[in-house]
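Structural characterization, general
Residues per chain are reported as follows:
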Amino acid sequence: MRVILNKTFYYCKKDISVALHLTAQTQLSTQTPKSMSTIKNLIRPNIQKMTAYSSARSEFKGKAHIFLDANENPFDTDLNRYPDPLQWKVKEEIGKWKNIEVQSIFLGNGSDEVIDLLIRIFCEPREDAIMILPPTYGMYQVSAAISDVEVQEVLLTNDYQLDITAILEAVQPNTKLLFVCSPNNPTGNSFNLKAIEELVEGFEGIVVVDEAYIDFAGQASCVNLLKEYKNLVVTQTFSKAWGLAGIRLGMAFAAKEIIDVLNKVKPPYNVNQLTQNAALEALQNVERYEWERANILQQRNFLKEELMGFDFVKKVFPSDANFLLVRVKEAQELYDYLTSKGIIVRNRSKVVLCEGCLRFTVGTEEENLELLEALRIYTEN
Ligand SMILES: *Cc1c(COP(=O)(O)O)cnc(C)c1O
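Residues numbered from 1 in each chain as written. Predicted model: local features only at pLDDT ≥ 70, side-chain atom pairs only at ≥ 80, totals over all residues. Heavy atoms only, no water.

What to know about the site of the ligand
To be explicit about the condition: Residues are counted as near a molecule or strand when any one of their heavy atoms sits within 4 Å of it. Think of a polar contact as two N or O atoms within 3.5 Å of one another; within protein, one of them needs to be a possible hydrogen donor and the other a possible acceptor, and neighboring residues in sequence only count if both atoms come from side chains. The protein chains shown are the only cover counted for residues, whose accessible areas, like all others here, come from Shrake-Rupley with a 1.4 Å probe.
Taken together, 13 residues surround the ligand, and among them S111, Y213, T237, S239 and K240 come closest. Take D112: an N or O atom from its main chain is 3.0 Å from an oxygen atom of the ligand. At 3.2 Å from an oxygen atom of the ligand is found a side-chain nitrogen or oxygen belonging to K240. Protein chains shield 94% of the accessible area of the ligand, which is 380 Å² for the free molecule.

Focus: the nonpolar core
Counted only if it meets this: We call a set of buried residues a nonpolar core when its members are Ala, Val, Leu, Ile, Met, Phe, Trp, Tyr or Cys and they connect through side-chain atoms within 4.5 Å of each other. Relative accessible area decides the class of each residue, using a 1.4 Å probe on protein chains only: under 20% of the type maximum gives buried, over 50% gives exposed, and in between gives partly exposed. Domain delimitation follows an automatic or database domain assignment. For this analysis, residues touch if any pair of their heavy atoms sits within 4.5 Å.
With 82 residues, the main nonpolar core has L162 and L338 as its most contacted residues. The residues that make up this core include at least three from each of domain 1 (3-283) and domain 2 (287-380). Discounting chain neighbours no more than four positions away, the residues touching L338 are I343, V345, F360, L371, A374 and L375. In this structure, Y140, V151, F179 and A254 belong to the second largest nonpolar core, which totals 32 residues.

Concerning the domain arrangement of the chain
Convention followed: Reported buried area values correspond to the accessible surface (1.4 Å probe) lost by two parts on association, with both partners' losses combined. One side-chain nitrogen of Lys or Arg within 4 Å of one carboxyl oxygen of Asp or Glu is enough to make a salt bridge. Amino acids outside the nonpolar list (Ala, Val, Leu, Ile, Met, Phe, Trp, Tyr, Cys, Pro) and the charged list (Asp, Glu, Lys, Arg) are all regarded as polar, and Gly is one of them.
Structurally, the chain comprises domain 1 (3-283) and domain 2 (287-380). Distance between the C-alpha centres of domain 1 and domain 2: 31 Å. Each partner contributes residues to the interface: domain 1 has 23 residues there, and domain 2 has 21 residues. Carbon and sulfur atoms make up 62% of the surface buried where domain 1 meets domain 2, a total of about 1800 Å² over both sides. It is Y160, P186 and F216 that lose the most area in domain 1 upon contact with domain 2, and together they represent 36% of the buried surface on that side. Where domain 1 touches domain 2, the interface holds 0 salt bridges. For the pair domain 1 and domain 2, the interface holds 9 residue pairs in polar contact (both at pLDDT 80 or more). Considered class by class, the residues forming the side of domain 1 that touches domain 2 number 13 nonpolar, 9 polar and 1 charged.

Some points on the confidence of the model for the chain
To be explicit about the condition: As a per-residue quantity, pLDDT reports the predictor's confidence and falls between 0 and 100.
On average, the chain scores 91 in pLDDT, and the residues at 70 or more come to 90%. Low pLDDT (under 50) marks residues 1-33, which in the prediction has 47 contacts with non-local residues, meaning those over four places away or in another chain.

Observations concerning the side chain of R300
The following threshold applies: Only DSSP runs of H or I covering at least 4 residues are called helices, and only runs of E covering at least 2 are called strands; the numbering of each starts at the N terminus. Within this scheme the basic residues Lys and Arg register as positive and the acidic residues Asp and Glu register as negative, but His and the chain ends are omitted.
Among the secondary structure elements, R300 is positioned in helix α11 (residues 286-308). Buried within the structure, R300 lacks any salt-bridge partner; D320 is the closest side chain of opposite charge, at an N-O distance of 4.6 Å. Not counting residues up to four positions away in its chain, the partners in contact with R300 are F216, S319, D320, A321, L324 and V362.

This is the structure:
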């Protein structure tokens, strides 16, 4: 069994949050699993108790015409006012596009902010833990480290699938969050929806499904599971398929109770006005997104076919994302060669289960052709 538990000393905890957590768990037999009271008990006690910073502006929207409450500069530049802290217009458009109610949407300064907030909301530093499934996205670990939260790891199987039994067996009483990245970075594959559902069903904490690459996947989003499960958070982003990594806008979809606590803890103006403007503009032009997405998918298939033709390529892994994980004969040597040609790819050859692998983001047709030409020259030497 591929279980690696963090070497961190695991100790018995006697404080109230654990007591609540265990009470909630023992109650499960008589209660609907993952009822809202259970979710509430997973939240750190200090977060449960606190009240959010209140800007008061929203109360008076449409009811007043002179705003002398926030010490803003009165001269209008379209940017002299603080932005809408809850980004209602953007959420309405996202809601229409995805057919999700606005109350179930949270927006963050990138989905990285959502990851960080979730850890701060649910994990007591030096007590609680998150579980990750390597090889996977690096930010879960970084955010946990910043919050001094333990990271428990269960590797994917050799063919990059979820080891459901191993994962559920490795869960500890202090495991609050389970991060499942699907399609997974850096492997590129999606996990079976039924398998993800088994985790949501079997895990007593919160399952966070990171769908940063869902736009490129051939399967449905886990957003559809939200109706049934309260202990699920699905994150998506404007950074990949939408071509807006520069504006920093991430989305989370979850039950209203989780959205409410995210709103309570976030910095009041975490999504700035320029970002909200750019997102609204992008959402009015879904055709552009559709066209680019289709083009990237077509280029992904082209690049895959071409890469498979090279002698030095051992394997191109199946991808549901806008990148390809490729196992090659001499990863470091090829990486250095490409760098010397001014072409930067991601060297994942030292990542567990990705030995000998480079990760290629799908570029424009011109960029991909130049990459392939450089690889042809490489084989001739
Ligand atoms: C790129 C990426 C993100 C995006 O994060 P943002 O903060 O929204 O830019 C999130 N998760 C994964 C797995 C990613 O690869």
